Amino acid sequence: PLFLVLANQILSKNEKELQENFANQARNIIKSVKPIIVGITGSYGKTSTKVILADILSSVGPTFSTPRSINSYMGMTREIRERMRTGHRFAVVEMGAYYIGSIRRMCTLTPPDAAIITAIGGMHLERFGSPENVFKAKSELAQAVPADGILVVNGDSEYCRRVAQENPKRITRLYGLDRKSGHLDAYMCDIEATADGTSFTIEFEGKSYKGFTKLLGKPMLGNLLASFTMAVSL
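The sections below set out a description of the structure shown in this document. (Residues numbered from 1 in each chain as written. Predicted model: local features only at pLDDT ≥ 70, side-chain atom pairs only at ≥ 80, totals over all residues. Heavy atoms only, no water.)

As a further point, take the overall build of the protein chain. Counting its secondary structure elements, the protein chain contains eight helices and nine strands. For 234 residues, the compact-globule formula gives about 17 Å, and the C-alpha radius of gyration of the protein chain, at 19 Å, lands near that figure. In terms of principal-axis extent, the alpha carbons of the protein chain reach across some 60 × 40 × 40 Å. Within the protein chain, counting contacts between residues at least 6 apart in sequence, those at least 24 apart form 62% of the total. In the structure as shown, the protein chain presents an accessible area of about 11900 Å², 54% of it carried by carbon and sulfur atoms. If the 29 positive side-chain charges of the protein chain are averaged to one point and the 22 negative ones to another, these points end up 5 Å apart. (Helix = DSSP H or I, 4+ residues; strand = E, 2+ residues; numbered from the N terminus. Rg over C-alpha atoms; globule rule 2.2 N^0.38 Å. Contact = heavy atoms within 4.5 Å. Areas by Shrake-Rupley, 256 points an atom, 1.4 Å probe, with all protein chains shown as cover. Lys, Arg positive; Asp, Glu negative; His and termini not counted. Charge placed at Lys NZ, Arg CZ, Asp CG, Glu CD.)

Attention now moves to the sheet that holds strand β9 (residues 207-213). Sheet strands pair by backbone hydrogen bonding; their relative direction is either parallel or antiparallel. The nine strands lie next to each other as β2-β3-β1-β4-β5-β6-β7-β8-β9, forming an open sheet whose pairing is mixed. Of all the strands in the sheet, just β2 (63-65) and β9 have a single pairing partner and so form its edges. Each strand axis lies, on average, 20° off the axis of its neighbour in the sheet, ignoring direction. Judged from the four bridges that link them, strand β4 (residues 114-117) and strand β5 (residues 150-154) form a sheet pairing that is parallel. (Pairing = 2+ DSSP bridges. Axes fitted to C-alpha atoms, helices over the stretch in contact; angles between N-to-C directions.)

Before going further, it helps to spend a moment on the packing of helix α1 (residues 2-33) against helix α3 (residues 73-83). It is the contact of α1 with α3, at a shortest axis distance of 9 Å, that shows an interaxial angle of 50°. In terms of orientation, α1 lies oblique with respect to α3. Like other packed secondary-structure pairs, α1 and α3 cross with a definite hand, here left-handed. Residue-level inspection shows Q19, E20, F22, A23, Q25, A26, R27, I29 and I30 of α1 in contact with α3, the latter providing Y73, M74, T77, I80 and R81. The class makeup of the residues in the contact of α1 with α3 is eight nonpolar, three polar and three charged. (Parallel < 35°, antiparallel > 145°, perpendicular 65-115°, else oblique. Left-handed = near helix turned anticlockwise from the far one by under 90°. Nonpolar A, V, L, I, M, F, W, Y, C, P; charged D, E, K, R; others polar.)

Residue placement: M95 occurs in the loop between β3 (90-94) and α4 (102-109). We classify M95 as buried; its relative accessible area is 0%. Considering only alpha carbons, one finds M95 and D148, 53 residues apart in sequence, at a separation of 21 Å. Excluding residues within four positions of it along the chain, M95 makes contact with G39, I40, T41, K46, N71, I103, M106, C107, T110 and L141. (Buried < 20%, exposed > 50% of the residue type's maximum accessible area, 1.4 Å probe, protein only.)

A few words now on α1. Taking 1.5 Å of rise per residue, the 32 residues of α1 would be expected to cover 46 Å, and the 45 Å separating its terminal C-alpha atoms lies within 8% of that figure. The sharpest bend along α1 measures roughly 45° and falls at S12. Among the structural elements, β1 (36-41), α3 and α4 are those in contact with the buried residues of α1. A positive backbone phi angle near 55° is found at K34, which sits one or two residues after α1. (Expected span 1.5 Å × (residues − 1). Bend = angle between axes of the 7 residues up to and from the residue.)

In structure tokens, the structure reads:
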């Protein structure tokens, strides 16, 4: 074990240099392609929201997104280098928080024009130690969105509302399934679940839109609503 520790220390400098070389190649690809980048983070719901939003946006234009739950700095670097191509109009990027500063670092690689925060809760306490530290880590995505960008957050989450209050953008929208916590820009109601799926109504900007999905469960409906809210905001 001591030899492994020593070998790791000897190799770490070269490894970091190699990683940054790959990351800079990815940055140059992004600068060349110039997609609209939507960052997604949250204590849960990141991957599902990414998949749903990418599916919606792909009906508008070519959309880049990562497969599975790839959401780390080097994982994203590899995906960009291998799969991003000229013509990609949108890039939907899942961002995991592994320590305070990890999302900030990710945003240097994929600077977001818009962001979704799906939830901030008690998950990952083993990494961060307290809900407040989870809040700080997730807030880094909102802080990276420019003032003229778009921020969409879960209005059913107290910490997400706080992120919106502390990081207002040109377009800031709250979505949710429960108006008890306050104003919602996009509200899902009339939810009816059957063996075939779920029917619902979305109230947005004074209009009502009826919809149906094969998805079941309020968490998944929240992810769907988050994707709807971001899509119409874009």
